[in-house]
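Overview (structure and organization)
The chain contents come next:
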Amino acid sequence: MSNAPVASNRLTPEQYQQNFADIKPALSHYQAKVEAARCLYCESAPCISACPTEINIPSFISRIATDNIQGAAETILESNILGGSCARVCPTEVLCEQACVRHHSEECKAVAIGSLQRFAIDNSTLHPHPFSREATSGKSVAVVGSGPAGLACAHRLARHGHNVTIIESHSKPGGLNEYGIAAYKLVNDFAQREIDFITEIGGIDWSYETSLGQTVTLDQLRSEFDAVFLGIGLQGHRRLNISGEDSKHIQYAVDEIAHIRQSKQLSELKVGNRIIVIGGGNTAIDIACQMRRLGATDVTIAYRRSTKQMSATPHEQAFARQNGVRILEWSQPVAAEATPEGVCIQFQKTATDEQGGLKATSESFSLKADMVYVAIGQYFLTDCFANSQHPPDTSHGRITVTPDNHTSLPDVWAGGDCVNKGEDLTVHAVQHGKIAAESIHRFLTAPEQNNSQTD
Amino acid sequence: MADLSTSFLGIHSPNPFWLASAPPTDKAFNVYRAFEAGWGGAVWKTLGEDPPPVNACSRYSVHRDIQGKVLGINNIELITDRPLAVNLEEIRQTKKDWPDRALLVSLMVPCEESSWKSILTQVEDTGCDGVELNFGCPHGMPERGMGAAVGQVPDYIEMVTGWCKQHTHVPVIVKLTPNITDILMPAQAAMNAGADAVSLINTLSSISGIDLDTLSPYHAIDGQYTSGGYCGPAVKPIALNMVGQIARNPATATLPISAIGGISDWHDAAEFIALGAGTVQVCTAAMLNGFKIIGDMTDGLSRWMDSKGYRTIDEFRGKAVPKLTDWKYLNLNYKTVAHIDQNTCIHCGRCFAACEDTAHQAVSMTPLPDNLHQTQYTIIDEECVGCNLCQITCPIPDCITMTEIDTGNSAINWTQHPANPFREQ
Ligand SMILES: Cc1cc2nc3c(=O)[nH]c(=O)nc-3n(C[C@H](O)[C@H](O)[C@H](O)COP(=O)(O)OP(=O)(O)OC[C@H]3O[C@@H](n4cnc5c(N)ncnc54)[C@H](O)[C@@H]3O)c2cc1C
Ligand SMILES: Cc1cc2nc3c(=O)[nH]c(=O)nc-3n(C[C@H](O)[C@H](O)[C@H](O)COP(=O)(O)O)c2cc1C
Ligand code: SF4
C-alpha cells in the first residue's frame, strides 16, 4: 500500500474487487425462505406505513414463503417501480424494518425486509414487462430529470397511456442512482438495467443533454406539453466559506463520488492517503468509506456538532467506524492553508451555548490532509427558472408542493429532493414521482381539461 | 431421579419408550444400536410368511409446514422384505444379548388359522417377550387380505386374535388401525378375543401432496402413486383421542394400551401415559433424528416427573382419563375472557384479524397517539366468548391469557340446561 500523498493503484486488483463488491450479499433461496417464514403476516403491518411507497410487505413476503417469487416482485413493483434499487439503498433500519413488530418480540430482530425485497426482484422475470400501458390518451407530459423521482413519475404516466418525454441535462440517465449512491450499494450496472426495465413499458422518449434553464425554459415546456413534472434534484453545493477553500486539494464530495461511480477502472483513480471529510450526513459517510476502500489509510470525518446530531444514522456511523473511519465531533473548519503536498485545515472546537445554538470555544487545532472533501449539503439551484416568466413558488429554498406534489402552477408538478417535502431519500423521490403522476393523470383526464380548448 | 422402569403385561423394560414396528426395528443391526442408545424396548418389524414381499423404490414422502418442518411422513413400505429364518435367528440372538429390554415381534400372515399357528410357534421359540398382531398396515397388505383389511372388520379381529391366544403363551397385543370410524369397535373385538393389550395407532391412509410440475402425487413411482400411511407429529391428536376413548370407555377401560402416533419428545410420551398408556412406541421421531433422541426423551420425562413429585410412571398413569367426558357434561356456566398483556404485546394485530373476521368482534383497535406505526389492541370483555382463537394466533408466549371469570352462576351442563327440551328434570 502506497503512502504517497495522492496516488493511483494503492491496492491489489483483488482488494479493489473485494472492497467494491456488494456490501449486503444477496440471500439464497433457502435463506429467503427461512427469513420469509419469520414474518408474522401482521394485521397492523406497521412496516407498510413505514415504507414511504407503502409496499404491501406482508403480502410480498408471504408470496416468497409460498414459492411465488414472481408474484412477490410484482407486488413490490406495483407500489415502487424502483423496488430493486430501493431494496439496496434504503436505510431500512429507520424505515420498514424499524417498524417491524418483531423488534418488540424477545428476539429483538426485525424481518430482513430489504434483503427479501431484493431477493424477490432479483429472482423474478421482469421481461416481458409486467405492466401494460392503457390506451394512449394523446396527452404529453415533460418529465424534467431522470433521477428516481422522474423515473417513477414517467413510468406511472406511461402506464396511464400518456406520452412522456424525459428531459435530462446529463448524457446518462439515473440521477443520483447513477452518480451518487455509494458504489458498493449499487454494484455493476444495476441502475442502468433498472432504467431499461422501467422504459420497457413504452411511451417514454428521451431528450438528453437538454438542460432546463439553458436549452429549454419552463415556459416553453408548459406550452409544448399538457403537463410538466420537475424532478431535478439539488444541483447547488454548499461551500465552507473559509479562506483558502479554492485549493485543488479541496473538492466537493458529490463530485468525487460521481467520479468513483463512473470509473471503469478503480485502480486508476488518484486517491489521497490522508483524507479529511467535512460534514455529518450520509454523503460524508459515503465519501469517507469509499476513500478507505480505495486505499486511503487515514480518513477523518470532522463534524461541527455531536455525533448524536449527525443526520447520518447510527447504523451509517457504525458502518463508517467499521471501515476504519475516525469521526471527530465539535470541530468546525475555519481556514485552509496550502502545504507543499496538500492542505492544512484549521479547526475550532465548538460547543452548545445556553440557547442550544453552536458557539466557538477557545480551543483549536489543525489537521493536514492530501485531500479534503466537503459534504455539508446540497441546495436547490433556482437558475433553471431564471429565464421563465412564471417560476413555481419556493419555500425554504425548495419548490413548494401540495400533498399531491402539485406546485403553485396549475400544470406543473415536482418531486424528489428539489421539493420542500420529506427526507432526501431515493424511496421518497419514488413516492413523489408516483403521487405526482396520479395527480397529473387526474388532471389530464378531468372533464374540464378535455372540454376546454386552452393551450 | 424418578424411576422410569415399566412393567407392561409382565414385560419389563428400563423405560416406557419402545421402538414401534417399522424400519428402526428392521434387523438386529438397528435394534442393537437402539438398545445401546437406551431404548427400553422394540417391536420387531412385522414378519410374514416366506417368500417375503418386495418393496417398491421411493417409499417415503413428506408433508412439511411453511417453515420446512416435517409435520408428517407418508410411506408405502410393506412388512419385512427379509426371509423369515433370518429374522427369527436375529431376534433370538438379540433377546439373548439384551435380556433387560422388551423385545416383541410384530406379525402379519394370511387369515388362516394354520398360518398364524405356524408363525407363532416359530416366533415364541426365539424367546421374545410377546407378539403384536399387525392389523393396521393401510397400504399394499390389505390388497392381499391382510393388515387393515383385518383391522377394519371387528369380526376378523376377534377371530384371528382368538387363534393367536390359543396358539401362544406369550402376551398378545393387537395393533389397531385408525382408518375406521369408531375405535371402540376393534378395541372391543380384541378384548372379547382375550387380547392382552392393544397398541395404537398404525398409520393413517394418506397422500402427502401433488407435485405441481408433473401433476402426479409425491413421490411418483414411474409416474404413478398409491395411498400410503401417514405418521409423525401431525397424527398425535388423532392418536391421543383414540387412546383416550378406549381408556375412558367402561367396557374397555381395563384393556392395557401401548400408545403410538406422533410421539416426538417427552411431553408427548407423558401425555399418552397420562391418558392411560402403559408404554409408548415411537417410529417417525427416531427416523428423523436417529436413536440418540432417546437420551433426551428419558431425561426430559424423568425431570418433569421429579418436578411434579411422581416417583414412578404408575403414579401419573391415567390421571387425565377421569377428566375426559362427553360434551353434554361440560359446565356451560364456565366462563373465561381473553386478556392482552400490554407490556409484552408487539402490536402485530393478528388477534384483531382473527376475532374481527372470523370470531366475535371482541378485540378493539386504537391507534397509539405517541407512535405513528403502532396500534393498541384490547379485549372488549362483554363481546368475548372465550373461544381462545386470539390466544392461538398470538405469536408471543403468554401475551394473551384466558382468565376465568366468576359469573356467580352455579355449574350447569346440557343435560340440565333450560335450553335443552330433553333435559333431565
Ligand atoms: C452521495 C449521496 C449518497 C446518497 N445515498 C443514499 C442512499 O444510500 N440511500 C438513499 O435512499 N438515498 C441516498 N441519497 C439520496 C438520494 O440519492 C436522493 O434522495 C434521490 O436520488 C433524489 O432523487 P431525485 O430524482 O429527486 O433527484 P436526483 O437523483 O438528484 O436526480 C435529478 C436529475 O435531474 C437532472 N437535472 C438536474 N437539473 C436539471 C436541469 N436543469 N435540466 C434537466 N435535468 C436536470 C439531473 O441530471 C438528475 O439526473 C444519497 C444522496 C447523495 C448525494
Ligand atoms: C416406513 C414405515 C414402515 C412401517 N412399517 C410398519 C410395520 O411393518 N408394521 C407395523 O405394525 N407398523 C409399521 N409402521 C407404523 C409404525 O409402527 C407406527 O405405528 C406409526 O408410524 C405411527 O407412529 P409415529 O408417528 O411415531 O411414526 C410403519 C411406519 C413407517 C413410517
Ligand atoms: S411488521 Fe414485520 S412481521 Fe409484521 S408484517 Fe411487517 S415485516 Fe412481517
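Because the structure is predicted, anything quoted here is derived from the model rather than measured.

**A short note on the overall build of chain B**
Summing up its helical and strand segments, chain B has twelve helices and 20 strands in all. Taking all 425 residues of chain B together, the buried fraction comes to 50%. Nonlocal contacts in chain B, meaning residues at least 24 apart in sequence, comprise 71% of its contacts between residues at least 6 apart. Carbon together with sulfur atoms contributes 53% to the accessible area of chain B, which is approximately 19,600 Å² in total.

**So, the pairing of strand 2 (residues 140–144) of chain A**
All names here are of chain A. Taken across its five residues, strand 2 has five buried, putting it largely inside the fold. Alternating positions in strand 2 separate into two faces, Ser140, Ala142 and Val144 on one and Val141 and Val143 on the other, with burial throughout. Once you follow strand 2 into helix 9 (residues 148–159) and on to strand 3 (residues 163–167), the crossover reads as right-handed. Relative to strand 5 (residues 227–230), strand 2 runs parallel, the two sharing four bridges. Of the residues in strand 5, the one forming a bridge with Val141 is Ala227.

**Digging into the confidence of the model for chain B**
Averaged over all residues, the pLDDT of chain B is 95; the fraction at 70 or higher stands at 100%. For this predicted complex, the interface score ipTM comes out at 0.72, while the overall pTM is 0.84.

**Some remarks on the nonpolar core**
Soluble, globular proteins show a tendency: their nonpolar side chains are buried together. A:Ile57, A:Phe60, A:Ile64, A:Val143 and A:Ile440 are the most contacted members of the largest nonpolar core, which has 82 residues in total. Not counting the four nearest positions on each side in its chain, A:Val143 is found in contact with A:Gly150, A:Cys153, A:Ala154, A:Leu157, A:Val164, A:Thr165, A:Ile166, A:Ile167 and A:Phe229. Listed in part, the 79 residues of the second largest apolar core include B:Val170, B:Leu255, B:Leu275 and B:Ala286.

**Focus: the domain arrangement of chain A**
We note that the domain assignment places domain 1 (37–122), domain 2 (140–234 + 380–452) and domain 3 (237–378) within chain A. Computed from C-alpha atoms alone, the centre-to-centre distance between domain 1 of chain A and domain 3 of chain A is 34 Å.

**Things to note about the interface of chain A and chain B**
You'll often see interface size given as the accessible area lost when the parts meet. Across the contact, 17 residues belong to chain A and 15 residues belong to chain B. Note on chain A versus chain B: buried area summed over both sides is about 1,200 Å², and carbon and sulfur give 63% of it. Three residues stand out in chain A for area buried against chain B, namely A:Leu40, A:Glu43 and A:His104, and they jointly supply 39% of the buried area on that side. Taken together, chain A and chain B are joined by zero salt bridges. Counting across the interface, chain A meets chain B through four residue pairs in polar contact (both at pLDDT 80 or more). Here the side of chain A that touches chain B gets three residues from one element, more than from any other, and that element is helix 3 (residues 46–50) of chain A. When its residues are assigned to classes, the side of chain A that touches chain B shows ten nonpolar, five polar and two charged.

**What about the sheet that holds strand 7 (residues 250–252) of chain A?**
Residue and element names in this part refer to chain A. Taken in spatial order, the five strands line up as 7-15-9-10-11 in an open sheet, and their pairing is parallel. Both outer strands of the open sheet, strand 7 and strand 11 (326–328), are each paired with one neighbouring strand and no more. Across this sheet, the average inter-strand angle for adjacent strands is 25 degrees, counted without regard to direction. Examined bridge by bridge, strand 7 and strand 15 (residues 371–374) share three bridges and lie parallel to one another. Across the sheet, the residue bridging to Tyr252 is Val374, located in strand 15. Sheet strands touched by helix 13 (residues 253–262): strand 7 and strand 15. Its angle to strand 7, the strand with the most contacts, is close to 75 degrees.

Cut-offs and rules
Residues numbered from 1 in each chain as written. Chains lettered and ligands numbered in written order. Predicted model: local features only at pLDDT ≥ 70, side-chain atom pairs only at ≥ 80, totals over all residues. Heavy atoms only, no water. Helix = DSSP H or I, 4+ residues; strand = E, 2+ residues; numbered from the N terminus. Buried < 20%, exposed > 50% of the residue type's maximum accessible area, 1.4 Å probe, protein only. Contact = heavy atoms within 4.5 Å. Areas by Shrake-Rupley, 256 points an atom, 1.4 Å probe, with all protein chains shown as cover. Right-handed = clockwise from strand over helix to strand, strands pointing away. Pairing = 2+ DSSP bridges. pLDDT = per-residue confidence, 0-100. Core = buried A, V, L, I, M, F, W, Y, C linked by side-chain atoms within 4.5 Å. Domains from an automatic or database assignment. Buried area = accessible area lost by both parts, 1.4 Å probe. Salt bridge = Lys/Arg side-chain N within 4 Å of Asp/Glu carboxyl O. Polar contact = N/O pair within 3.5 Å; in protein donor to acceptor, adjacent residues only side chain to side chain. Nonpolar A, V, L, I, M, F, W, Y, C, P; charged D, E, K, R; others polar. Axes fitted to C-alpha atoms, helices over the stretch in contact; angles between N-to-C directions.

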